[in-house]
Amino acid sequence: LIPHFWQYFLELLFKFIFKIIDEQAGKKAYKYFPFLFVMFFFILFSNLMGQVAFGFTSTSHVAITFFISLSIWLACIYIGLIENGVRWFKFFVPDTIPLFILPFFIVLEIISYTIRAFSLSIRLSANMTAGHTLLHLVATLGVKIIPLGFFFLAISFILLMMVITLELAVSFLQAYVFLTLIAVYINDSLSFEH
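All of the points below concern the structure found in this document. (Residues numbered from 1 in each chain as written. Predicted model: local features only at pLDDT ≥ 70, side-chain atom pairs only at ≥ 80, totals over all residues. Heavy atoms only, no water.)

**Some remarks on the nonpolar core**
Counting residues in each nonpolar core, the largest one holds 38 residues, and the members touching the most others are Y113, F178, I182 and I186. Mapped by element, the contributors of at least two residues to this core are α1 (5-25), α2 (33-49), α3 (62-84), α4 (102-144) and α5 (150-190). A total of 10 residues in this core trace back to one element, the largest contributor, which is α5. Discounting residues that sit within four places of it in the chain, Y113 has contacts with W73, C76, I77, W88, F91, F92 and S189. (Core = buried A, V, L, I, M, F, W, Y, C linked by side-chain atoms within 4.5 Å. Buried < 20%, exposed > 50% of the residue type's maximum accessible area, 1.4 Å probe, protein only. Helix = DSSP H or I, 4+ residues; strand = E, 2+ residues; numbered from the N terminus. Contact = heavy atoms within 4.5 Å.)

**Describing the side chain of T57**
One can find T57 in the loop between α2 and α3. Since its relative accessible area comes to 3%, T57 is described here as buried. Residues within four places of T57 in sequence aside, it is in contact with S46, N47, M49, G50, M128 and H132.

**Details of the packing of α2 against α5**
The geometry of α2 relative to α5 is characterised by a closest axis approach of 9 Å and an angle of 155° between their N-to-C directions. Looking at the two axes, α2 sits roughly antiparallel to α5. Crossing hand, α2 versus α5: right-handed. Along the contact surface, α2 presents F35, L36, M39, F40, I43, L44, N47 and L48, while α5 presents L168, S171, F172, Q174, A175, Y176, F178, L179, I182 and I186. The class makeup of the residues in the contact of α2 with α5 is 15 nonpolar, 3 polar and no charged. (Axes fitted to C-alpha atoms, helices over the stretch in contact; angles between N-to-C directions. Parallel < 35°, antiparallel > 145°, perpendicular 65-115°, else oblique. Left-handed = near helix turned anticlockwise from the far one by under 90°. Nonpolar A, V, L, I, M, F, W, Y, C, P; charged D, E, K, R; others polar.)

**Examining empty space enclosed by the protein**
Tallying each qualifying case throughout the model produces 1 cavity of 30 Å³ or more. Taken as a whole, the largest cavity spans an internal volume of roughly 40 Å³. If you go around the largest cavity, the residues you meet are L120, R123, L124, Q174, V177, F178 and L181. When residues of the lining of the largest cavity are traced back to their parent elements, those giving at least two are α4 and α5. Here the lining of the largest cavity gets 4 residues from one element, more than from any other, and that element is α5. Here the residues of the lining of the largest cavity sort into 5 nonpolar, 1 polar and 1 charged. (1 Å grid on protein atoms, 1.4 Å probe; cavity = no way out; pocket = protein on both sides within 12 Å on 5 of 7 lines; lining within 4 Å. Points joined across faces, edges and corners; volume = space filled by probe spheres on them.)

**Describing the packing of α1 against α5**
Direction vectors running N to C along α1 and α5 enclose 40°, while the axes themselves pass 8 Å from each other. As summarised for this structure, α1 and α5 are arranged oblique, according to the angle between their axes. For α1 against α5, the interelement crossing comes out right-handed. Taking contact as the criterion, the partners of F16, I17, I20, Q24 and A25 in α1 are, on α5, F172, Y176, L179, T180, A183, V184 and N187. The residue inventory of the contact of α1 with α5, partitioned by class, reads 9 nonpolar, 3 polar and no charged.

**Points about the environment of L159**
On the secondary structure map, L159 appears in helix α5. For L159, a relative accessible area of 35% translates into the label partly exposed. Counting along the chain gives 20 residues from L159 to A139, while the straight-line C-alpha distance between them is 9.1 Å.

Written out as structure tokens, the structure is:
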């Protein structure tokens, strides 16, 4: 059977996501492929929904992205504890640190691990909001310069098309970054040593 275009396209996406998981998390994370595959497309389609006129971009709201990020962060802790048991807490103890400053570094490691949930959320939300704000500003500029003539309107239209293209690229890029970071976090839970 000769695959048609959509089957070939979906197989390329499947291989693309599988390659990211393989490079970032290794063979141990293959069992999390279905979750990561769905999460990639959920983020991608949520981002792209904002590109449709009067569409709603759920990923531009911190409350939604924080819930997703917090759920993933808690799942990574759970994965680390299930896969490694209590030994997983060794992740917070750097190997080559002198004993007198070890407590300070343990606190820093715990804080940096906790910040992951916030950074994953804020990164996605801020980038989507910034893109929509830029798109709104350029569209408003286009409306305001209509009385100036066709030349300025054409420049504004070209600029608007460039921003829309940028927004489409950012939608895909943010889904890619989100997937990559989740794969890295899962890798940290599976192989916890520094």
